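For reference, the chains in residue letters:
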Amino acid sequence: MSVAAIISFIVGGLLLVLMIAVLLLRRRGHAKAAEAPKRICGECERVMLPNWDVCMFCGWTPKHRIEFLSGPLQGTVVVLDEEVTTLGSVDGNTIVLSDPAVSRKHLGIRRLDENYELADLGSTNGVYVNGHRVAKKVLEIGDLLRVGNTEMLFRRD
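Residues numbered from 1 in each chain as written. Predicted model: local features only at pLDDT ≥ 70, side-chain atom pairs only at ≥ 80, totals over all residues. Heavy atoms only, no water.

Trainee: How would you explain the pairing of strand β13 (residues 150–156) if you had to name every residue and give the values?
Mentor: With five bridges joining them, strand β3 (residues 64–68) and β13 adopt antiparallel strand pairing. Across the sheet, residue Ile-66 finds its bridge partner in β13, namely Phe-154. When strand β12 (residues 144–147) meets β13, the two strands line up antiparallel, connected through four bridges. Within β13, the residue paired with Leu-144 across the bridge is Leu-153. Here β12 hands over to β13 after two residues, with Gly-148 in that stretch at a positive phi of 55°. (Pairing = 2+ DSSP bridges. Helix = DSSP H or I, 4+ residues; strand = E, 2+ residues; numbered from the N terminus.)

In structure tokens form, the structure reads like this:
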């Protein structure tokens, strides 16, 4: 066998391996795209594209909310549609939480354009976000909040 034939055989084999690798990577990319979670409109229940902030069919906009995981309001969901939402143990707060470890005016959540900022309003026992005591924090989707004996999850529809 000549040297030219051997080189051709090696190059051909390398090209074949490269083509197989490209096909496998493409197939893997398509499988990941198919596994991506679908966003469903909360109004008309049609599938929304991941980059849509507003449903193109009916105009519905996802809302930010707090979902109570434990404590007196466990299972309750509160939509944050006011400019400022306050949580405390007395009437006059947006959310009244009858938990002995919660101060009268415990925390406030303020909407800042597209973000929400949490602030401790001088509570005795503090406010915890993802296990860390904070005085102020811009909330991120999935943050776990704790006041007194109550845990909440910051979410978006």
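Still to come is the rest of the account.
Trainee: Which residues make up the pattern of salt bridges, and what are the values?
Mentor: Throughout the structure, instances matching the rule amount to five salt bridges. Taking the shortest distance from any N to any O, the salt bridge between Arg-65 and Glu-67 comes out at 3.8 Å. When sorted by exposure, Arg-65 lands in the same class as Glu-67, which is buried. With a shortest N-O distance of 3.5 Å, Glu-83 and Arg-111 are connected by a salt bridge. Pair noted here: Glu-83 is in the loop between β4 (77–79) and β5 (84–88) and Arg-111 is in strand β7 (residues 107–112), with a separation of 28 residues, a long-range link. Classification of Glu-83 by relative accessible area gives partly exposed; the value is 47%. For Arg-111, a relative accessible area of 25% gives the class partly exposed. Look at the salt bridges and you will find they share partners, linking Arg-65, Glu-67 and Arg-155 into a network. (Salt bridge = Lys/Arg side-chain N within 4 Å of Asp/Glu carboxyl O. Buried < 20%, exposed > 50% of the residue type's maximum accessible area, 1.4 Å probe, protein only.)

Taken by themselves, the reported measurements are silent on function.
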